[in-house]
Amino acid sequence: MRPPLPPFTEETARAKVQAAEDAWNTRDPERVALAYTEDSVWRNRDEFFTGRDAIRAFLRRKWDRELDYRLRKELWAYTGDRISVRFKYEWHDADGRWWRSHGNEQWEFAGDGLMRRREASINDVRIAPSERRLSG
């Protein structure tokens, strides 16, 4: 079980979004993967994959490339067992260039509160270090 559970209210949807933000900001693939069903289906940009092992592998690659990653998520909409969020995160690459990534996610949950589907659309914008908005 991964409370809050569907069907979501505004309060429980906001709590679910905050829990996801907190977990992703740990940059711990093992911890983050536990929020998803064993057979969770993902689309992230142009990648499509299924299952916790694939999620862990994806997150390791992501955080090996997106250094000093910092994320903010915001509830966009919710209904029943689904939540939609918009988000932004900042990171730098191995050459020290900073980026801000903007996106939307659609989430679908199983009755036990684990996410069974995640679809993410993301765009990256190069920023100067002085333009960073997310830290700590």
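Source: prediction; values computed, not measured.

Thresholds applied
- Residues numbered from 1 in each chain as written.
- Predicted model: local features only at pLDDT ≥ 70, side-chain atom pairs only at ≥ 80, totals over all residues.
- Heavy atoms only, no water.
- Core = buried A, V, L, I, M, F, W, Y, C linked by side-chain atoms within 4.5 Å.
- Buried < 20%, exposed > 50% of the residue type's maximum accessible area, 1.4 Å probe, protein only.
- Helix = DSSP H or I, 4+ residues; strand = E, 2+ residues; numbered from the N terminus.
- Contact = heavy atoms within 4.5 Å.
- Expected span 1.5 Å × (residues − 1).
- Pairing = 2+ DSSP bridges.
- Axes fitted to C-alpha atoms, helices over the stretch in contact; angles between N-to-C directions.

A.B. asks: Before we go on, may I ask you to explain the nonpolar core in this structure?
C.D. replies: Nonpolar side chains in soluble globular proteins tend to be buried together. The biggest cluster of nonpolar side chains holds 28 residues, and the ones touching the most others in it are W24, I83 and W107. Within the residue set of this core, elements represented by two or more residues are α1 (10-24), α2 (29-33), β1 (36-44), α3 (52-65), β3 (67-79), β4 (82-92), β5 (98-109) and β6 (115-127). Apart from the residues lying within four places of it in its own chain, the contact partners of W24 are V32, Y36, W42, L59, K62, W63, Y69, L71 and R118.

A.B. asks: Quick question: what am I supposed to make of α3 here?
C.D. replies: Given 3.6 residues to a turn, an α-helix orients residues that are three or four positions apart in the same direction. Under the 1.5 Å per step criterion, the end-to-end length of α3 is 20 Å for 14 residues, consistent within 8% with the ideal 20 Å. Next to the buried residues of α3 lie α1, α2, β1, β2 (47-50), β3 and β4.

A.B. asks: Whenever I open this one, the sheet that holds β4 confuses me. Can you help?
C.D. replies: Neighbouring strands of a sheet are bound in pairs by backbone hydrogen bonds; such pairs are parallel or else antiparallel. Reading across the sheet, the 6 strands line up as β2-β1-β6-β5-β4-β3 and stay open at both edges, with mixed pairing between neighbours. Two strands lie at the open edges of the sheet, namely β2 and β3, each paired on one side alone. Taking each pair of neighbouring strands and ignoring which way they run, the sheet shows an average axis angle of 20°. Of the strand pairs in this sheet, β3 and β4 are connected by 10 bridges, and their pairing is antiparallel. Looking at the pairing, A77 lines up with S84 of β4. Across the face of the sheet, α1 comes into contact with β1, β3, β4, β5 and β6 while running at roughly 165° to β3.

As far as function goes, none of this settles anything; it's purely spatial.
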